[in-house]
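Listed here are the chains, written in short residue letters.
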Amino acid sequence: QVQLVESGGGLVQAGDSLRLSCAASGRTFSNYAMGWFRQAPGKEREFVARIKWSGGYTYYLDSVKGRFTISRDNAKNTVYLQMNSLKPEDTAVYYCALRGRPMSTSYSATYSTDYDYWGQGTQVTVSS
């Protein structure tokens, strides 16, 4: 089993920055990719970004490109989401996820079903 623990959420103003962290523990040797999703009230869970553990290849939701950066620290089994120029529409609970199955570098992995383990979520609220 794999455990994922997110941290770093909070209440900020529009234009501010936040960095989310997600630490993985347990059977992390089967980590092929990690991703961030978000879910706003009354909306479905939405893909935000993902990083392939080997090679660090990234993929982003169009609306966060240029503002959000996903990165990883292999030694710490931790993935980060640096969020800059935050907007009120970024308000959501942010979840990290881990994929324990092989995937090609070019595969986007934007569906919830592409991931096998999930964190508990961290709230990000952006005020206008």
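Going by the structure above, here's the rest.
Residues numbered from 1 in each chain as written. Predicted model: local features only at pLDDT ≥ 70, side-chain atom pairs only at ≥ 80, totals over all residues. Heavy atoms only, no water.

Some points on the nonpolar core
Point 1. Ranked by size, the top nonpolar core spans 36 residues in total, and within it Trp36, Leu81, Met83 and Tyr94 carry the most contacts.
Point 2. Those elements that place two or more of their residues in this core are strand S1 (2-7), strand S3 (18-26), strand S4 (33-39), strand S5 (46-52), strand S7 (68-73), strand S8 (78-83), strand S9 (92-99) and strand S11 (122-127).
Point 3. When residues of this core are assigned to their parent elements, the largest contribution, 5 residues, is made by S9.
Point 4. Excluding its chain neighbours within four sequence positions, the residues that come into contact with leucine 81 are Leu18, Arg19, Leu20, Trp36, Val48, Ala49, Phe68, Thr69, Ile70 and Tyr94. (Core = buried A, V, L, I, M, F, W, Y, C linked by side-chain atoms within 4.5 Å. Buried < 20%, exposed > 50% of the residue type's maximum accessible area, 1.4 Å probe, protein only. Helix = DSSP H or I, 4+ residues; strand = E, 2+ residues; numbered from the N terminus. Contact = heavy atoms within 4.5 Å.)

Here's the deal with the packing of aromatic side chains
Point 1. Summed over the entire model, instances satisfying the criterion amount to 5 aromatic pairs.
Point 2. With centroids separated by 5.6 Å and ring planes inclined at 80 degrees, the aromatic side chains of phenylalanine 37 and phenylalanine 47 adopt a geometry described as edge-to-face. Here the residue phenylalanine 37 occupies a position in strand S4, and phenylalanine 47 occupies one in strand S5, the gap between them amounting to 10 residues.
Point 3. A residue is classified by how much of its surface remains accessible, and phenylalanine 47, at 7% relative accessible area, is buried.
Point 4. Among the aromatic residues, those joined into a cluster by ring pairs are Phe37, Phe47, Tyr59, Tyr115 and Trp118.
Point 5. Positioned over the ring face of tyrosine 95 is arginine 45, at 3.9 Å from the centre of the ring. (Phe/Tyr/Trp six-rings, centres within 6.5 Å; stacked < 30°, edge-to-face > 60°. Lys NZ or Arg CZ within 6 Å of the ring centre and 35° of its normal.)

Some words on the state of the cysteines
Point 1. A complete count under the given rule lists 1 disulfide for this structure.
Point 2. One disulfide bridge connects cysteine 22 with cysteine 96, the sulfur atoms lying 1.9 Å from each other. Pair noted here: cysteine 22 is in strand S3 and cysteine 96 is in strand S9, with a separation of 74 residues, a long-range link. As far as burial versus exposure is concerned, cysteine 22 and cysteine 96 are alike and both buried. (Disulfide = S-S within 2.5 Å.)

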